[in-house]
Amino acid sequence: MSFIDQTETFVKESLGGAEGGHDWWHIYRVWQTAKTIGIEEGADLLVVELAALLHDIADSKFHDGDEEIGPAKAQEFLESIGVEEATIEHVKDIIRYMSFKASFGEIKFSSKELEVVQDADRLDAIGAIGIARAFSYGGYKQREFYNPEIPPKLNMTKEEYKKSATPTINHFYEKLLLLKDKMNTSTGKRLAQERHEFMELYLEQFYGEWDGVK
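What comes next concerns the included structure. (Residues numbered from 1 in each chain as written. Predicted model: local features only at pLDDT ≥ 70, side-chain atom pairs only at ≥ 80, totals over all residues. Heavy atoms only, no water.)

## What to know about the environment of Ala-192
The condition is simple: Helix numbering and strand numbering both begin at the N terminus, where a helix is a DSSP run of H or I of at least 4 residues and a strand a DSSP run of E of at least 2. The buried label goes to any residue with under 20% of its type's maximum accessible area, the exposed label to any with over 50%, and the partly exposed label to all in between, with areas taken from a 1.4 Å probe on protein chains only.
Looking at the secondary structure, you find Ala-192 in helix α10 (residues 186-210). A relative accessible area of 0% means that Ala-192 is categorised as buried. Taking the C-alpha atoms as reference points, Ala-192 and Leu-123, separated by 69 residues in sequence, lie 6.2 Å from one another.

So this is what it looks like as structure tokens:
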């Protein structure tokens with residue numbers, strides 16, 4: 001069985017019962033998109049696929065904010081199946097630095113493979129699926145989906161972002177609508193444009209229904 005097949009099996013088993021926005025199917029979508037972008041960008045597909053499959057193996061927001069548990073768990077697994085050290089270190093760095101919250105601090109690592117997997121993950125956070133994921137997580141955290149008396153928190157620090165518990169609609173302004181301009185690759189930028197426009201149409205419809213005019 002290949003490294004990819006073994007990793008797929010491991011991730012499916014590990015994420016059984018996960019919150020709907022961060023479950024196996026999120027991983028699957030990111031994996032498929034990352035392969036598409038990776039081929040177009042000429043990236044190392046082994047690194048891209050392993051990182052895409054393992055990027056949420058232990059998401060820090062479900063582990064008391066621990067940002068090292070994901071890379072550590074990925075390393076432990078990859079070592080157990082015999083992946084070479086250089087590949088493991090690359091995958092760990094992608095997992096460590098690809099998240100939106102990582103962009104708040106100093107950028108300490110970059111690679112074509114990171115750009116590919118990061119774009120794939122960000123694409124799954126916007127558009128129709130991104131909207132569904134946002135409300136799924138908001139419900140999981142028992143947050144209001146909208147409260148006009150609570151404005152979005154713009155220009156947050158990393159710590160403020162990690163601790164934010166604002167209504168789900170605010171998350172559009174605090175993250176989702178910002179992602180289009182943070183895409184790395186030409187493929188990511190192209191795909192993000194349509195998904196971004198869909199979110200804008202959704203918000204227009206949402207506010208119209210909220211105010212009883214649509």
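## Describing the nonpolar core
Note the following rule: Nonpolar cores are built from buried Ala, Val, Leu, Ile, Met, Phe, Trp, Tyr and Cys residues. Side-chain atoms within 4.5 Å join them into one set. By definition, residues are in contact when any of their heavy atoms lie within 4.5 Å.
Ranked by internal contacts, the top residues of the largest apolar core, which has 50 residues, are Val-11, Leu-54, Leu-78, Val-91, Ile-94, Ile-126 and Phe-172. With 7 residues, helix α3 (residues 45-54) is the largest single contributor of residues to this core. In this structure, Leu-54 is in contact with Thr-7, Phe-10, Val-11, Ala-74, Phe-77, Leu-78, Val-91 and Ile-95, ignoring residues within four places of it in sequence.

## Some details on α3
Basically, it comes down to this: Distance and chemistry together define a polar contact, namely a pair of N or O atoms within 3.5 Å, with one atom able to donate a hydrogen and the other to accept it when in protein, and with adjacent residues in sequence counting only for side-chain atoms on both sides.
Summarising burial for α3: 8 of the 10 residues are buried, a large majority. Listed in full, the buried residues belonging to α3 are Val-47, Val-48, Glu-49, Leu-50, Ala-51, Ala-52, Leu-53 and Leu-54. Two or three places before Leu-46, at the opening of α3, Asp-44 has a side-chain oxygen 3.1 Å from that residue's backbone nitrogen.

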